[in-house]
Amino acid sequence: MSSHLTKVTDALQARFLSTVATRLVRAPSISLTSRDVAAPETVMVPTRHGDVRCFVTRAAADAPLAAGGTAPPVHVHLHGGAFLVGAPRQDDHLVRGIAGEVGATVVNVDYSTWPKARYPQAHEECYDVLRWVQSSGTAMGWDGERVSISGLSAGGNLALGALELARRSGDPALRAGVLIVPAVDQTVPPEQYTSPLPPSAGKAHTPFVSPRLVRMVRNYYFADASRRAEPLASPLRNDEGIAALPPLLVVTAEQDSVRPQDERFVDKTRAKGVPMTYHCASGVDHGFPQSSKKQDEPAVRELAELMRVHLTENLA
């Protein structure tokens with residue numbers, strides 16, 4: 001395929017993801033809590049780039065950290081989608097699991113994606129929402145001193161970016177972080193995004209995160225190539241920031257082309273002395289947390305249980 005045709009097809013695919021896919025993506029029907037969790041409230045949060053819509057799911061009243069009449073902790077969640085898909089409610093099942101089984105109120109952030117935003121706008125929006133969360137406990141009915149954050153795929157990159165901006169500003173430390181198949185290095189060449197699994201029956205596994213998808217992420221959200229190695233874009237390269245991270249849960253997927261960089265991140269984080277729980281979900285690829293496939297359900301439930309334990313321990 002010619003270079004010109006590749007650019008045209010990539011542009012069309014990126015536009016499809018940012019428009020059609022954004023409207024169509026839904027959370028799987030799996031339930032990750034046995035408690036009653038109310039539908040989310042919509043709150044517009046002011047940021048330096050304008051108001052950002054957030055979906056606030058209140059902690060179940062009888063959940064472990066919400067019982068007893070005290071204000072519950074609060075958890076900020078950042079969805080994935082290659083910085084192109086703006087669909088925070090694709091993670092409603094995970095959000096409801098946290099609200100119901102941990103007892104934290106969850107702020108699910110509808111940050112700006114391409115073409116409305118390019119690096120570092122979404123990173124700055126997510127940080128500004130985090131600061132609002134920390135400063136709005138009394139008004140919003142949560143404990144602004146017991147705060148955690150999670151991010152999935154692109155959202156993992158944004159979560160680390162928010163933590164880095166908080167570190168630079170000297171903000172209060174968060175209690176915990178959860179990174180699910182996070183993108184941590186924007187300098188890895190697209191052609192290196194191949195399956196970490198050996199070929200089966202002589203045929204290579206086709207990864208969810210393909211070289212084409214990585215090209216689109218780089219060309220559209222991280223359009224300025226000179227900035228892709230910056231700490232916000234490539235947190236794997238941010239040694240000072242890594243040392244200051246809160247206790248982490250990092251979950252990768254066995255078949256994921258992103259797994260090699262995530263494992264380097266885990267090794268570096270452990271070497272810096274950061275409390276770390278690491279789990280690699282077997283038999284699944286990058287998109288398993290939103291999968292509706294029956295064979296992926298055990299991995300999704302395992303993820304939810306890991307999150308429950310990690311957040312309950314660190315937000316108590």
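Summarised in this report is the structure supplied together with it.

1. Quick word on the environment of Pro120
Then, in step 1: Tracing the backbone shows Pro120 in the loop between strand E4 (105–109) and helix H3 (121–135).
Then, in step 2: The exposure class assigned to Pro120 is buried, which follows from its relative accessible area of 13%.
Then, in step 3: Taking the C-alpha atoms as reference, Pro120 lies 12 Å from Arg48; in sequence the two are 72 residues apart.
Then, in step 4: When sequence neighbours within four positions are dropped, the list of residues in contact with Pro120 reads Tyr221, Arg227 and Leu232.

2. Overview of the packing of aromatic side chains
Then, in step 1: Scanning the model with the defined rule gives seven aromatic pairs in all.
Then, in step 2: A centroid spacing of 6.3 Å and a plane angle of 85° characterise the contact between Tyr119 and Tyr221, whose relative ring orientation is edge-to-face. One end of the pair, Tyr119, is in the loop between E4 and H3; the other, Tyr221, is in helix H6 (residues 211–221), with 102 residues separating them in the sequence.
Then, in step 3: What makes Tyr119 buried here is its relative accessible area of 11%.
Then, in step 4: For Tyr221, a relative accessible area of 1% gives the class buried.
Then, in step 5: Ring centres 5.7 Å apart and planes at 80° place the aromatic pair Trp132 and Trp142 in the edge-to-face group. Highlighted residues: Trp132 in helix H3 and Trp142 in the loop between helix H4 (137–140) and strand E5 (147–152), separated in sequence by ten residues. Here Trp132 matches Trp142 in class, with each residue buried.
Then, in step 6: Among the aromatic residues, ring-to-ring pairing joins Phe83, Tyr119, Tyr221 and Phe222 into one connected group.
Then, in step 7: The ring of Phe55 carries the charged tip of Arg89 above its face, separated from the ring centre by 5.5 Å.

3. Structural notes on the environment of Gly170
Then, in step 1: In this fold, Gly170 is placed in the loop between helix H5 (154–169) and strand E6 (176–180).
Then, in step 2: A C-alpha to C-alpha distance of 40 Å links Gly170 and Gln13, two positions 157 residues apart in sequence.

4. Here's the deal with the pairing of strand E2 (residues 52–57)
Then, in step 1: Among the six residues in E2, five count as buried, and that is most of the element.
Then, in step 2: Note: strand E1 (residues 41–45) against E2, five bridges, orientation antiparallel. Its bridge partner being in E2, Thr42 is matched across the sheet by Phe55.
Then, in step 3: Between E1 and E2, which pair antiparallel in sequence order, lie six residues; one of them, Gly50, sits at a positive phi of approximately 105°.

5. Observations regarding the sheet that holds strand E8 (residues 276–281)
Then, in step 1: The strand order across the open sheet formed by eight strands is E1-E2-E4-E3-E5-E6-E7-E8, and the pairing between neighbours is mixed. Single-partner strands in this sheet number two, and they are E1 and E8. Direction aside, the axes of adjacent strands within the sheet are offset by 20° on average.
Then, in step 2: The strands touched by H5 are strand E3 (74–78), E5 and E6; relative to E5, the strand with the most contacts, the crossing angle is about 145°.
Then, in step 3: Contacts from helix H9 (residues 297–315) reach E3, E5, E6, strand E7 (248–253) and E8 within the one sheet, and its direction differs from that of E6 by about 165°.

6. Details of the state of the cysteines
Each disulfide is one covalent bond, formed between the sulfur atoms of two cysteines.
Then, in step 1: In this structure the tally under the stated criterion is zero disulfides.
Then, in step 2: Residue Cys126 stays outside any disulfide, its sulfur separated by 8.5 Å from that of Cys54, the closest cysteine.

7. What about H9?
Counting along an α-helix, one turn takes 3.6 residues, and residues three or four places apart therefore face a common direction.
Then, in step 1: In this model H9 runs 26 Å from its N-terminal to its C-terminal C-alpha over 19 residues, within 8% of the 27 Å that 1.5 Å per residue would give.
Then, in step 2: For H9, the full list of buried residues reads Ala299, Val300, Leu303, Ala304, Met307, His310, Leu311, Thr312 and Leu315.
Then, in step 3: Considering only its buried residues, H9 is in contact with E3, helix H2 (92–102), E5, E6, E7 and E8.

8. Considerations on the side chain of Gln261
Then, in step 1: Topologically, Gln261 is positioned in helix H8 (residues 259–271).
Then, in step 2: Here Gln261 is in contact with Pro182, Ala183, Val184, Asp185, Val188, Tyr193 and Leu236, once residues within four sequence places are set aside.

9. A few points about the environment of Ile30
Then, in step 1: Its place among the elements puts Ile30 in the loop between helix H1 (3–24) and E1.
Then, in step 2: Residue classification places Ile30 among the buried positions, given a relative accessible area of 15%.
Then, in step 3: Dropping the residues within four chain positions of it, Ile30 is found in contact with His93, Glu297, Val300 and Arg301.

10. Let's talk about unusual backbone geometry
Then, in step 1: For the peptide bond that leads from Trp114 to Pro115, omega is 10°, which places it in the cis range.
Then, in step 2: Note that the residue after Tyr119, namely Pro120, is joined by a cis bond; omega there is 5°.
Then, in step 3: Here the phi dihedral of Ser153 falls at roughly 60°; this positive angle occurs in a residue that is not glycine.
Then, in step 4: Position of Ser153 relative to the elements: it lies in the loop between E5 and H5.
Then, in step 5: Note on Ser153: relative accessible area 12%, which makes it buried.
Then, in step 6: You will see that Val181, though not glycine, has its phi angle at about 40°, which is positive.

11. Brief notes about the pattern of salt bridges
Then, in step 1: Summed over all chains, the structure comprises 19 salt bridges.
Then, in step 2: We note a salt bridge from Arg89 to Asp92, for which the minimum N-O separation is 2.9 Å.
Then, in step 3: For Arg89, a relative accessible area of 38% translates into the label partly exposed.
Then, in step 4: Looking at Asp92, the relative accessible area reads 17%, which means it is buried.
Then, in step 5: In the salt-bridge network here, residues are joined through shared partners; they are Glu164, Arg167, Arg168 and Glu240.

Conventions used here
- Residues numbered from 1 in each chain as written.
- Predicted model: local features only at pLDDT ≥ 70, side-chain atom pairs only at ≥ 80, totals over all residues.
- Heavy atoms only, no water.
- Helix = DSSP H or I, 4+ residues; strand = E, 2+ residues; numbered from the N terminus.
- Buried < 20%, exposed > 50% of the residue type's maximum accessible area, 1.4 Å probe, protein only.
- Contact = heavy atoms within 4.5 Å.
- Phe/Tyr/Trp six-rings, centres within 6.5 Å; stacked < 30°, edge-to-face > 60°.
- Lys NZ or Arg CZ within 6 Å of the ring centre and 35° of its normal.
- Pairing = 2+ DSSP bridges.
- Axes fitted to C-alpha atoms, helices over the stretch in contact; angles between N-to-C directions.
- Disulfide = S-S within 2.5 Å.
- Expected span 1.5 Å × (residues − 1).
- Salt bridge = Lys/Arg side-chain N within 4 Å of Asp/Glu carboxyl O.

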